[in-house]
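Here are the chains, one letter per residue:
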Amino acid sequence: MITAMKRTVPILRIFDEAKAREFYLDFLEFTCDWEHRFEPDMPLYMQISNGDCIIHLSEHYGDCTPGSAVRIEVEDAKALQQHLLSKNFKFARPGFDDEWNQVKLTDPFGNRLHFYTGK
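Residues numbered from 1 in each chain as written. Predicted model: local features only at pLDDT ≥ 70, side-chain atom pairs only at ≥ 80, totals over all residues. Heavy atoms only, no water.

### So, helix α1 (residues 17-27)
Residues spaced three or four apart along an α-helix point in a common direction, a consequence of the helix completing one turn every 3.6 residues.
Here comes step 1: Taken residue by residue, α1 has A20, F23, Y24, L25 and F27 as its buried positions.
Here comes step 2: The positive-phi residue at the C-terminal boundary of α1 is E29, with phi of around 65°. (Buried < 20%, exposed > 50% of the residue type's maximum accessible area, 1.4 Å probe, protein only. Helix = DSSP H or I, 4+ residues; strand = E, 2+ residues; numbered from the N terminus.)

### Description of the environment of F115
Here comes step 1: Residue position: F115 is located in strand β8 (residues 112-116).
Here comes step 2: For the pair formed by F115 and V103, sequence separation is twelve residues and the distance between their alpha carbons is 5.1 Å.
Here comes step 3: Ignoring anything within four residues of it in the chain, the contact list for F115 reads L28, I72, V74, A77, L80, N101, Q102, V103 and L105. (Contact = heavy atoms within 4.5 Å.)

### Here we look at the sheet that holds strand β3 (residues 45-50)
Here comes step 1: Judged by pairing direction, the sheet is mixed, and its four strands sit side by side in the order β1-β4-β3-β2 without closing on themselves. The two strands at the open ends of the sheet, each matched to only one other strand, are β1 (11-13) and β2 (31-36). On average, each strand axis in the sheet is tilted by 25° relative to the strand beside it, whichever way the strands run. (Pairing = 2+ DSSP bridges. Axes fitted to C-alpha atoms, helices over the stretch in contact; angles between N-to-C directions.)

Encoded structure:
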């Protein structure tokens with residue numbers, strides 16, 4: 001018998017700490033829960049969250065593949081899209097996919113985020 005599985009925490013590859021903070025913390029309004037470096041000049045590994053959504057971001061080579069895709073359930077995808085558009089973020093103007101009821105964004109590192117509302 002397999003043990004019951006629990007929450008999934010995706011790891012997304014990042015290449016620039018400042019761009020990651022601007023996109024995930026400022027634009028998407030995630031909170032940095034913690035960050036780790038083995039030494040001051042070593043790559044960053046950090047946990048961010050927004051509500052029940054937890055994501056790990058890593059600068060470590062080999063931790064994960066750039067260009068991954070993650071689906072994140074939200075209460076109201078259309079309202080999220082309108083909120084993000086109101087920010088006039090220089091690098092993202094998210095559209096809305098009516099068929100999938102989702103907002104699709106690509107982060108500065110090629111990772112795709114799909115924020116959807118279930119029907």
